[in-house]
Amino acid sequence: EQTIYLKDYAPTPYRIVSVELDFRILEERTRVRAQLTVEPRPDTAPGTPLVLDGDDLKLDSIALDGAPLVLSAYAADANSLTLVEPPHRRFVLETEVTLEPASNTKLMGLYRSSGTWCTQCEPEGFRRITYYLDRPDVLAPFKVRMSAPKALAPVLLANGNLVDKGELGDDLHFAVWEDPFLKPAYLFALVAGDLGSITDSFTTMSGRKVELGIYCTHGKESECFYAMDSLKRSMAWDERRFGREYDLDVFNIVAVSDFNFGAMENKGLNIFNDRLVFAKPETATDANYHGIERVIAHEYFHNWTGNRITCRDWFQLCLKEGLTVFRDQEFTSDERSRPVQRIHDVQNLRTSQFPEDGGPLAHPPRPDSFREINNFYTTTVYEKGAEIVRMLATLLGEAGFRKAMDLYFERHDGDATTIEAFIKVFEDASGRDLSQFATWYLQAGTPQVGVSDSYDAASQTYTLTLTQKVDPTPGEPTKKPLLIPVRFGLIGPNGSPVGWNGVSGGTVEGDLIVLDSESVTLTFTGVANKPVPSLFRGFSAPVKVESGLSQDDLLFLARHDSDPFNRWDALQSAATTLIASAAQGSTWSATDADALRQALVDTLENPDLDDAFKAQAIDIPAETVVGRHIGKDVDPDAVAEARKALVTALVGPIAEKLTALYRDLAISVPYSPDANQAGRRSLRNGLLALLVAGSDQGAGLAAEQYSGATNMTDRYAAMAISARNWTSEAPALLGDFRTRFAGDPLVFDKWLTASAQAPDGGVIERMRATLAAPDFPRTNPNRLRSLLGSFVMTNPVQFTRTDGLGFRFITEAVVDIDKVNPQVASRILTGFRILPTLEAARRNAGLEALQALKDQHKLSRNVGEILDRILA
Ligand code: HT7
Ligand code: ZN
């Protein structure tokens with residue numbers, strides 16, 4: 001199968017001057033007529049063929065400048081349309097194709113979701129709608145006319161501004177939308193359906209009024225207000241923080257039930273997975289509200305970082321995605337709590353990106369080859385991409401970063417550009433040489449930073465050595481040293497900061513060490529007392545630190561570090577180390593457990609810390625995080641057992657205290673999704689998780705909370721914690737939840753997720769039965785991911801069973817799903833990236849299941865690529 005290489009990039013020989021599309025939508029089929037005004041580029045040789053992309057298309061008719069083309073002038077098949085010898089001047093190419101959106105289960109191109117016609121074009125869906133130069137560096141203005149039966153589709157939407165609408169005969173009507181901004185085809189969107197809506201408006205900083213609309217299934221309008229509020233706050237924030245104003249008169253969002261991803265930033269017409277729009281307290285959790293706010297912001301921010309400035313080719317994906325994730329993280333940090341958001345984002349990075357970067361699917365944030373671009377919408381491109389932008393912000397400082405971003409918007413507005421151009425902007429704005437820094441984009445793998453230090457009391461000299469190394473990753477046997485910003489502080493014996501007079505041996509800029517070679521030794525003079533170093537404050541770089549700190553030093557940092565991130569991290573490291581060593585055969589001492597317990601109690605009782613932070617601090621690292629820390633020959637049963645034993649040891653002596661605290665944290669006022677209330681609930685549910693895993697009374701408390709809950713956050717937490725610990729009440733709670741919310745698909749997802757996390761031996765049989773039920777919606781990505789995605793990613797005990805049952809359950813499901821929706825199938829299969837970390841029996845059982853999948857089935861390019869990379 002064909003591999004595509006970045007080095008082969010060349011501009012198209014023809015440019016598309018403008019696009020006019022006419023969609024005639026009828027119940028059974030949609031006819032698409034495209035009029036493309038095309039011209040050769042100045043350096044294109046006469047006679048150069050024009051090759052347009054297609055995918056699963058059948059050409060009905062073709063004309064050039066109004067005259068039908070003779071057969072010898074073109075060649076068309078499902079995947080391309082070639083004009084053999086186009087005129088060497090501007091011309092209009094007109095094509096017609098017929099689509100059957102209802103049978104488009106891949107959910108790319110034009111498809112129907114619960115009756116609504118909608119599109120998904122990123123990255124290569126537009127070629128499933130019409131023959132086109134379907135690549136991000138081909139920018140054109142689009143005018144779209146659409147007609148449809150009024151009864152089926154009273155709402156007709158596309159990008160840009162509505163310029164005409166009216167009635168046609170036969171109960172049809174039409175609308176014409178025009179987008180004045182040049183855009184790549186991946187930002188095209190169209191929606192036609194019978195939808196309800198809510199409307200609002202936003203006045204921009206220059207005083208323009210923008211009409212805002214959110215469209216949804218009838219009856220769901222009242223669940224869209226949090227999304228609307230998030231949108232307005234995003235628009236205001238982008239003006240305040242980045243000086244970016246919205247540019248069209250309309251901004252519409254449409255919620256659909258069948259969607260391959262979270263949402264899509266189509267120009268002026270964002271399309272959303274409905275799980276990221278709908279919210280009401282009885283059915284949505286605080287985490288859902290948080291997710292809605294974040295993704296609404298993310299897609300809105302793409303208007304500048306993605307749409308106005310887009311990518312030259314798909315290798316540059318993290319140009320828009322990494323930067324936009326950074327922007328949405330900053331938005332949430334400003335709207336809620338910065339330290340809590342940072343911990344949240346780092347937890348996410350460590351549970352998803354680090355495993356990707358350390359396994360068979362590792363790739364650089366800016367890859368240089370792929371077989372299937374859909375497989376590269378990864379946590380490395382998104383979340384590591386955001387960390388790289390964050391490091392730039394750290395290196396340049398707030399003002400320097402803003403200056404560089406201003407230059408980026410000024411210099412590249414209207415461009416389809418590259419990572420190199422982005423870095424160049426930062427070099428020009430700051431005067432810094434960022435050539436070594438750019439390696440972060442080009443090299444895979446998580447750097448490991450080693451730390452050693454010594455203190456000489458006589459000379460009051462403190463010496464700190466930092467080393468870096470990156471293990472080989474697929475296709476990259478040797479690694480270059482990176483430029484790593486280390487934000488740091490030195491802490492004295494009484495917990496206050498320790499100063500120094502001078503430092504030599506490396507670059508220190510204020511509170512930042514610039515680690516730019518394999519080893520740097522810094523000598524600090526005038527250091528009055530032996531300090532404990534607090535390194536990578538705020539997680540200033542996406543690295544793993546081998547701090548060499550003792551449990552005592554870690555717990556000292558947990559109490560005294562002025563940096564909240566490092567306080568949290570110190571507790572996590574202390575707990576991870578204890579669980580990992582127990583899982584590998586040693587046991588912790590009673591003193592270690594006592595000290596960690598005391599640190600947890602001190603954190604809980606500290607009046608200066610907020611509830612959301614405390615919740616994160618008492619969250620004992622998940623089995624998957626500990627497994628990753630161990631790194632190889634992992635036995636998930638042993639990890640689970642060690643984790644359970646540690647929680648029991650920690651909780652036992654303080655169960656009464658924790659229960660009292662749990663009870664005190666009950667909220668008596670009506671539900672609000674705000675950060676304060678959500679923080680209080682998360683702390684209370686964090687305590688519940690400890691009590692259920694580590695005490696006898698926990699299971700009963702969870703059951704009590706479940707039945708008394710007045711909101712979904714508390715009800716879901718009680719059920720999910722019970723399921724994860726497989727308490728004797730868990731089956732009844734799951735059963736009640738399923739019937740109580742029967743008929744609500746987004747709540748069904750929650751049931752599927754919690755069910756898949758049960759660690760008992762019966763979970764696979766139960767999941768099989770769920771999947772086999774005749775009414776299980778087999779084509780809906782949310783349902784499939786909630787069940788299978790959460791099983792592979794968060795239930796290592798059952799997924800990696802030595803008898804191979806968990807692995808085979810997934811490969812069998814992947815075969816079925818692949819026939820319907822290859823994108824969903826390949827994403828589920830990525831769960832097998834864990835194999836190299838497992839002990840031999842499990843690893844071999846997993847490899848056997850994968851080999852059988854490869855040998856016995858014809859697979860899509862999506863699944864084939866992931867499979868080959870894991871098996872390589
Ligand atoms: N830029 C969007 C990516 C996306 C997508 C990718 C593949 C298949 C379907 C998709 N839907 C949306 C979303 C984003 O990052 O904002
Ligand atoms: Zn994005």
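Calculation rules
- Every residue gets a number counted from 1 within its own chain, in the order that chain's sequence is written.
- Here every chain gets a letter starting at A, and every ligand a number starting at 1, in the order they are written.
- Where local features are concerned, this predicted model is filtered to residues with pLDDT of at least 70; where side-chain atom pairs are given and counted, the filter is 80 or more; whole-chain, interface and lining totals use all residues.
- Labels follow the DSSP assignment, with helices taken as runs of H or I lasting at least four residues and strands as runs of E lasting at least two, numbered in each case from the N terminus.
- Two things to know: the radius of gyration comes from C-alpha atoms, and the globule rule equals 2.2 Å times the number of residues to the power 0.38.
- Partly exposed residues are those falling between the two cut-offs: more than 12 but fewer than 20 other C-beta atoms within 10 Å of their own, whereas 20 or more means buried and 12 or fewer means exposed, with C-beta atoms placed from the backbone.
- We call two residues in contact if the C-beta atoms placed from their backbones are at most 7 Å apart.
- Only strands that DSSP links by at least two bridges are regarded as paired with each other.
- Any residue qualifies as near a molecule or strand once its backbone-derived C-beta atom lies within 6 Å of it.
- Gly counts as polar in this scheme, as do all residues outside two lists: the nonpolar Ala, Val, Leu, Ile, Met, Phe, Trp, Tyr, Cys and Pro, and the charged Asp, Glu, Lys and Arg.
- The start and end points of each domain follow an automatic or database-based domain assignment.
- Every axis in this analysis is a line fitted to C-alpha atoms, fitted for helices over the stretch in contact. Angles between the N-to-C directions lie between 0 and 180 degrees.
- UniProt positions are given in the numbering used here, feature names are shortened, and annotations may be inferred rather than shown by experiment.
- Every residue is assigned a pLDDT by the predictor, reflecting its confidence on a scale from 0 to 100.
- Residue count minus one, scaled by 1.5 Å, sets the expected span of a helix.
- Crossing handedness is defined as follows: a turn of the near helix away from the far one that is anticlockwise and smaller than a right angle gives a left-handed crossing, while the clockwise case is right-handed.

1. Let's talk about the overall build of the protein chain
For the protein chain, the helix and strand inventory stands at 26 helices and 33 strands. The C-alpha radius of gyration computed for the protein chain amounts to 28 Å, which stays within 12% of the reference 29 Å derived for 872 residues, consistent with globular compactness. Considered along the principal axes of its C-alpha atoms, the protein chain spans approximately 90 × 65 × 60 Å. Counting over 872 residues, the protein chain shows a buried share of 50%. In the protein chain, once contacts between residues fewer than 6 apart in sequence are set aside, the share between residues at least 24 apart is 70%.

2. Re the sheet that holds strand E17 (residues 196–203)
To summarise the sheet geometry, strands pair through backbone hydrogen bonds and adopt either a parallel or an antiparallel arrangement. The mixed open sheet is built from five strands, whose spatial order is E17-E18-E19-E21-E20. What marks the edges here is a single partner per strand, and that holds for E17 and strand E20 (263–264). Summarising the sheet, strand E18 (residues 209–216) and strand E19 (residues 250–256) pair through five bridges and their orientation is parallel. Note on E19: the bridge partner recorded for Ile214 is Ile253.

3. Topic: unusual backbone geometry
A cis amide bond, omega -5°, links Glu122 with the succeeding residue Pro123. With respect to the helices and strands, Pro123 occurs in the loop between strand E11 (116–120) and strand E12 (140–149). Positive phi values are uncommon outside glycine, yet Gln460 reaches one of about 50°. Non-glycine residue Phe539 carries a positive phi angle of around 55°. Relative to the assigned elements, Phe539 resides in the loop between strand E32 (532–535) and strand E33 (544–546). Here Phe539 falls in the buried class, since 22 other C-beta atoms lie within 10 Å of it.

4. Observations concerning the site of ligand 1
Close to ligand 1 lie 15 residues, the nearest being Glu122, Asn260, Phe261, Met264 and Tyr377. When residues of the shell around ligand 1 are traced back to their parent elements, those giving at least two are E20 and helix H2 (286–301). Broken down by class, the residue content of the shell around ligand 1 amounts to five nonpolar, six polar and four charged. Two domains each provide a minimum of three residues to the shell around ligand 1, namely domain 1 (4–194) and domain 2 (310–442).

5. Focus on the sheet that holds strand E27 (residues 484–491)
The strand order across the open sheet built from four strands is E29-E30-E27-E32, with neighbouring strands paired in antiparallel fashion. A strand with exactly one partner marks an edge of an open sheet, and here the two such strands are strand E29 (507–509) and E32. Each strand of the sheet is rotated relative to its neighbour by a mean of 35°, with strand direction disregarded. Pairing between E27 and E32: four bridges, direction antiparallel. Note that in E32 the partner of Gly489 across the bridge is Ser534.

6. Considering the pairing of strand E21 (residues 269–273)
Most of E21 sits out of view: five of its five residues are buried. What you see with E21 is no split at all: Leu269, Ile271 and Asn273 on one side and Asn270 and Phe272 on the other are buried throughout. Pairing between E19 and E21: five bridges, direction parallel. Directly across from Ile253, in E21, lies its bridge partner Asn270. The pairing of E20 with E21 spans two bridges and is antiparallel. Counterpart to Met264 in the pairing with E21 is Ile271.

7. Structural notes on the UniProt feature "domain: Peptidase M1 alanyl aminopeptidase C-terminal" (unreviewed entry) in the protein chain
Within the UniProt annotation, "domain: Peptidase M1 alanyl aminopeptidase C-terminal" (unreviewed entry) is assigned to residues 552–872. The span residues 552–872 shows a helical share of 73% and a strand share of 0%, and its end C-alpha atoms are spaced 43 Å apart.

8. Some details on the pairing of strand E14 (residues 161–167)
E14 sits mainly on the outside: zero of its seven residues count as buried. Where E14 meets strand E15 (residues 172–183), six bridges bridge the pair, whose relative direction is antiparallel. Each residue of the ladder has a partner; that of Leu162, found in E15, is Trp177. Two successive antiparallel strands, E14 and E15, enclose a turn made up of four residues, where Asp170 displays a positive phi of approximately 55°.

9. A word on the confidence of the model for the protein chain
Detailed reading of the predicted coordinates is not advisable wherever pLDDT falls low. For the protein chain, mean pLDDT is 97; residues scoring 70 or higher make up 100% of the total. The weakest mean pLDDT in the protein chain belongs to helix H12 (residues 623–630) at 93; the strongest belongs to E21 at 99. In the predicted complex, the global pTM is 0.98; the interface-specific ipTM is 0.98.

10. Remarks on helix H19 (residues 745–756)
The terminal C-alpha atoms of H19 lie 16 Å apart, and with twelve residues this matches the ideal 16 Å at 1.5 Å per residue to within 8%. Most of H19 is tucked away, with nine of its twelve residues classed as buried. Those residues of H19 that fall on the buried side of the exposure criterion are Leu746, Val747, Phe748, Lys750, Trp751, Leu752, Ala754, Ser755 and Ala756. Buried residues in H19 make contact with helix H17 (712–725), helix H18 (730–740), helix H20 (763–772) and helix H21 (781–794).

11. Remarks on the packing of helix H16 (residues 698–708) against H17
The interhelical angle for the contact between H16 and H17, taken along N-to-C directions, is 150°, at an axis separation of 8 Å. Two packed elements cross with a definite hand, and for H16 against H17 that hand is left-handed. In contact with Ala699, Ala702, Gln705 and Tyr706 of H16, H17 contributes Asp714, Arg715, Ala718, Met719, Ile721 and Ser722. Here the contact of H16 with H17 is composed, by residue class, of six nonpolar, two polar and two charged.

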